[in-house]
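Residue strings, one per chain:
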Amino acid sequence: MSAAERRTVSRVLVLCVLWYMTSAGNNVIGKLVLQSFPYPITVTIVQLLSITIYSVPALSLLKTGPKRQPQIEWSYYVKIIIPLAFGKFFASVSSHISLWAVPVSYAHTVKASMPFFVVILSRVLLGEKQTTKIYLSLAPIVIGIMIATITELEFNMIGLFSALFSIFVFSLQNIFSKQVLRETSLHHLKLLHLLARLALMMFIPVWFWHDFLDILYSESTSTMDGWVVAMLLFVDGLANFLQNVIAFTVLSLVTPLTYAVCNASKRIAIITFSVIMFRNPVTPMNALGMFLAVF
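Before going into details, it helps to say that this report is about the structure given with it. Computed from a predicted structure; not experimentally measured.

Details of the side chain of Lys31
Next, step 1: Mapping Lys31 onto the fold places it in helix α1 (residues 3-36).
Next, step 2: Classification of Lys31 as buried rests on a relative accessible area of 9%.
Next, step 3: In this view, Lys31 contacts Leu99, Trp100, Val102, Pro103, Val104 and Phe278; residues no more than four positions away in its chain are not counted.

Spelled out as structure tokens, the structure:
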């Protein structure tokens, strides 16, 4: 291994530790918000707004502003960029629905299936073939999720399908985001800003129609003070921005499959932290399923 490769490996390891910490905090805060404020679309809109706002000064510091932005044809926007923005919104909303419907530990056990989706989608969409060992390594993921599902005390079909859908869309997004980074030489933080901004503009009307009017006119059932909810949403948005920046940085350094493995590994931190924080009941068989899927 060359010195440059060793530096890249060290950088990815450090980034992964930071990614796991910010992601665990982001998910726990998100669960706290959704328990008292059941509006997944609003939480998603706040996160997209946070990414859009915070990435502007970050891009200025990195000197990756408009003057150095690669020119992207409109046809490429329509074919790749806009669908990616749609995917970012729907993946985030479905992820928040799963957090609202089931325990964080179970939602992220299901999301450990990302390598499975990435391998299958890469084969179908890009024609990429993997070794037999890699295909066999997917079996414990599926078996572990099945065990965790059967033994989950707070199982909910909406939570299961929302988690599966979110990780399916995230897998598609990771594959095509890597393609965009490779084909356009766009800085990964600029791509993150672009996707968040487009998704925010496209779905503000949906949020206004679906959540805003309901929040405005319905009686509050929240067990938290409005200012506490607002503060948690602010912290959640900041944590989500940080973990997205780190995630896109890791994606820019490694292959989609390696990224999927790193993403699945972060579930250990999230599951452990959430079980400690929320103390949701975990049976021995349930723990076995979680461990097997992540392992």
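Some details on the nonpolar core
Next, step 1: Ile45, Ile81, Phe89, Val180, Leu191 and Leu195 are the most contacted members of the largest nonpolar core, which has 31 residues in total.
Next, step 2: Taken together, the elements giving at least two residues each to this core come down to α2 (40-62), α3 (74-101), α8 (157-184), α9 (188-217) and α10 (226-253).
Next, step 3: Counting residues per element, this core draws most heavily on α9, which supplies 11 residues.
Next, step 4: Among residues more than four places away in sequence, those in contact with Val180 are Tyr76, Ile80, Ile81, Leu84, Ser185 and Leu191.
Next, step 5: Met114, Val118, Ala247 and Val250 belong to the second-largest nonpolar core, a separate cluster that totals 19 residues.

What about the environment of Ile268?
Next, step 1: Structurally, Ile268 can be placed in helix α11 (residues 256-278).
Next, step 2: On the basis of relative accessible area, Ile268 is assigned to the partly exposed category, the value being 48%.
Next, step 3: For the pair Ile268 and Val294, spaced 26 residues apart in sequence, the C-alpha to C-alpha distance is 6.9 Å.

Analysis parameters
Residues numbered from 1 in each chain as written. Predicted model: local features only at pLDDT ≥ 70, side-chain atom pairs only at ≥ 80, totals over all residues. Heavy atoms only, no water. Helix = DSSP H or I, 4+ residues; strand = E, 2+ residues; numbered from the N terminus. Buried < 20%, exposed > 50% of the residue type's maximum accessible area, 1.4 Å probe, protein only. Contact = heavy atoms within 4.5 Å. Core = buried A, V, L, I, M, F, W, Y, C linked by side-chain atoms within 4.5 Å.

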